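Results of the structural survey
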Amino acid sequence: MTEPSSPTAPTAARVFSGVQPSGALHLGNYLGALVKFVALQHEMECLYCVVDLHAITAWQDPKNLAAQTREIAAAYFAAGVDPAKAIVFAQSAVPEHAELAWIFNCVARLGWLDRMTQFKEKTGKHKERASVGLYTYPVLQAADILLYKATHVPVGEDQKQHLELTRDIAAKFNHDFDAPGFFPLTEALIEGPGARIMSLRDATAKMSKSDPSDQSRINLTDDADTIANKIRRAKTDPLPLPDTVEELKGRPEADNLLGIYAALAGETKAAVLARFAGQGFGQAFKPALADLLVERLSPVSAEMRRLMADPAEIDRILAAGAERARALAAPILAETKRIVGFTGG
Ligand code: AQP
């Protein structure tokens, strides 16, 4: 076998990230991930994946999965991801992800996975009923990223621990197989005003697709009335908005709503407080927040609806993206297999 030289060379800055097609996208996904995806595509080579292999770690009705996958792709494009710039594709269309994940399953240690808090949060007291895939989810995530030797991963704060595991897997692989620097130690890009958007009903829990209460989140596809209603009913404390950001400490609901406003408006929390301090939440702030949400999200949901009307076109873009992704992945996987000692190409 000829040894390809490019896969061993360190990659220039390359971005990988993904969203699961496991339900409607919400404001946390939008601010924590999509907004960053759009900005980064102008700065680096970017791969944005619809991670359907991850989605089936929890039950997905096969009748809905393809439409859900297209919906996430439509959300990427509607938010501003340009498929001529970024590589956009469905994870299951690139079988190299699963193949590298198997190798990494044999590199990662059980003790490392036992420490993953997201698995504990998602399974609670019923972990024996969870799929094995949900347990090894972070290993597949490491494979997603390292299959392209991605150097940067834009994600929300909830993914910080999984990104640390990706670095641990890369370092152990490089060490065990005596391949220094083969896989990069990928950096998470978490910073930003939308890194951790909390539930509208319980500001100690993150806004999440899988929260049973639809009132807990703003979905990208919510109409103006639904958004206004959810914000009106969003939990707050009885105090008025404070004068300073320091006074938001110990007031998680107030802090969350202020954070959402600031992230959407591209302002600091202090600047927002300067306009609303001393007023009750329902007086002017909540109506203004609802208006801002509608202003920012309604063009995205309108564009999503337009794109979703042509599923064949979304499939075409995803298939073209998968071809480009495979061209990057195949030589890196081939070299990984050679390093491991496999004889097959
Ligand atoms: N509340 C959040 N605030 C900021 N960022 C968030 N993300 C998720 N929730 C928030 C970011 O969105 C990206 C895609 O997430 P995902 O769909 O792959 O899975 P997830 O992190 O498990 O998000 P969900 O929506 O809450 O799904 P469920 O309910 O299934 O767990 C990631 O970058 C994530 O950080």
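Criteria and cut-off values
Residues numbered from 1 in each chain as written. Predicted model: local features only at pLDDT ≥ 70, side-chain atom pairs only at ≥ 80, totals over all residues. Heavy atoms only, no water. Helix = DSSP H or I, 4+ residues; strand = E, 2+ residues; numbered from the N terminus. Buried < 20%, exposed > 50% of the residue type's maximum accessible area, 1.4 Å probe, protein only. Expected span 1.5 Å × (residues − 1). Bend = angle between axes of the 7 residues up to and from the residue. Domains from an automatic or database assignment. Buried area = accessible area lost by both parts, 1.4 Å probe. Salt bridge = Lys/Arg side-chain N within 4 Å of Asp/Glu carboxyl O. Polar contact = N/O pair within 3.5 Å; in protein donor to acceptor, adjacent residues only side chain to side chain. Nonpolar A, V, L, I, M, F, W, Y, C, P; charged D, E, K, R; others polar. Phe/Tyr/Trp six-rings, centres within 6.5 Å; stacked < 30°, edge-to-face > 60°. Lys NZ or Arg CZ within 6 Å of the ring centre and 35° of its normal. Near = heavy atom within 4 Å. Areas by Shrake-Rupley, 256 points an atom, 1.4 Å probe, with all protein chains shown as cover. Contact = heavy atoms within 4.5 Å. Arc of directions from axis to C-beta.

This next bit is on unusual backbone geometry. Here the phi dihedral of K149 falls at roughly 50 degrees; this positive angle occurs in a residue that is not glycine. By the secondary structure assignment, K149 is in the loop between α7 (132-146) and β4 (152-154). K149 gets classed as buried once you look at its relative accessible area, which sits at 1%.

Taking 1.5 Å per residue as the helical rise, helix α13 (residues 311-340) with its 30 residues ought to reach 44 Å, and the 40 Å between its terminal C-alpha atoms agrees with that figure. At A329, α13 shows its largest bend, some 30 degrees, and a proline, P331, comes one to four positions later. Positioned one or two residues after α13, G341 has a phi angle of 110 degrees, which is positive.

Our focus in this paragraph is the domain arrangement of the chain. Considered domain by domain, the chain is made up of domain 1 (14-196 + 311-340) and domain 2 (214-305). For domain 1 and domain 2, the distance between their C-alpha centres works out to 30 Å. Between domain 1 and domain 2, the buried area comes to about 1200 Å², and carbon and sulfur atoms account for 75% of it. Interface area lost by domain 1 to domain 2 is led by L27, Y30 and A78, which between them contribute 43%. Counting the contacts that link domain 1 with domain 2 gives 0 salt bridges. Scanning the region where domain 1 abuts domain 2 turns up 3 residue pairs in polar contact (both at pLDDT 80 or more). Grouping the amino acids of the side of domain 1 that touches domain 2 by side-chain chemistry returns 12 nonpolar, 2 polar and 2 charged.

The next thing to look at is the packing of aromatic side chains. The tally for this structure, following the rule as stated, stands at 16 aromatic pairs. With a centroid separation of 4.2 Å and 5 degrees between ring planes, the pair formed by F37 and Y48 is classed as stacked. Here Y48 lies in strand β2 (residues 45-50) and F37 lies in helix α1 (residues 27-40), a separation of 11 residues in the sequence. Of the residues examined, Y48 reaches a relative accessible area of 0% and is grouped as buried. The structure contains a cluster of three or more aromatic residues connected by ring pairs, namely F104, F173, F177, F182 and F183. One Lys or Arg, K149, reaches over the ring of F182 and ends 3.9 Å from the middle of that ring.

Surrounding the ligand, one finds 22 residues, the nearest of these being D158, I197, S208, K209 and S210. Note that an oxygen atom of the ligand is positioned 2.8 Å from one of the backbone N or O atoms of G156. Contact with the protein chains removes 97% of the 640 Å² of surface that the ligand exposes when unbound. Listing elements by their share of the shell around the ligand, those giving two or more residues are β1 (14-19) and α1. If you tally residues by element for the shell around the ligand, the top one is α1, at 4 residues. Of the residues assigned to the shell around the ligand, the class counts are 6 nonpolar, 11 polar and 5 charged.

As a further point, take the side chain of E253. Within the secondary structure, E253 is located in helix α10 (residues 252-265). In this structure E253 comes out as buried when scored by relative accessible area, which is 15%. In contact with E253, not counting residues within four places along its chain, are A203, K235 and T236.

Now for helix α11 (residues 269-276). An α-helical segment advances 3.6 residues per turn. Residues three or four places apart therefore align on the same side. The complete set of buried residues in α11 reads V272, L273 and F276. One face of α11 carries all of its buried residues, which in axial projection span an arc of 100 degrees. Packing partners of the buried residues in α11 comprise α10 and α12 (281-308). Among the residues trailing α11, G278 stands out with phi positive, at a value near 85 degrees.

What follows deals with the pattern of salt bridges. Pairs may arise between side chains of opposite charge once their charged atoms sit close together. The full count for this structure, using the stated rule, is 18 salt bridges. Between D158 and K206 there is a salt bridge, with the nearest N and O atoms lying 2.8 Å from each other. With D158 in the loop between β4 and α8 (160-176) and K206 in the loop between β5 (187-189) and α9 (224-233), the pair connects residues that are 48 residues apart, well separated along the chain. Residue D158 is classed as partly exposed on the basis of its relative accessible area, which comes to 27%. Overall, the relative accessible area of 31% leaves K206 in the partly exposed class. Salt-bridge contacts for K235 lead to E253; the nearest nitrogen and oxygen are separated by 3.7 Å. Of the two residues, K235 sits in the loop between α9 and α10 while E253 sits in helix α10, which places them 18 residues apart along the sequence. Three or more residues joined by partner-sharing salt bridges are found here, namely D214, R217, D222 and K230.

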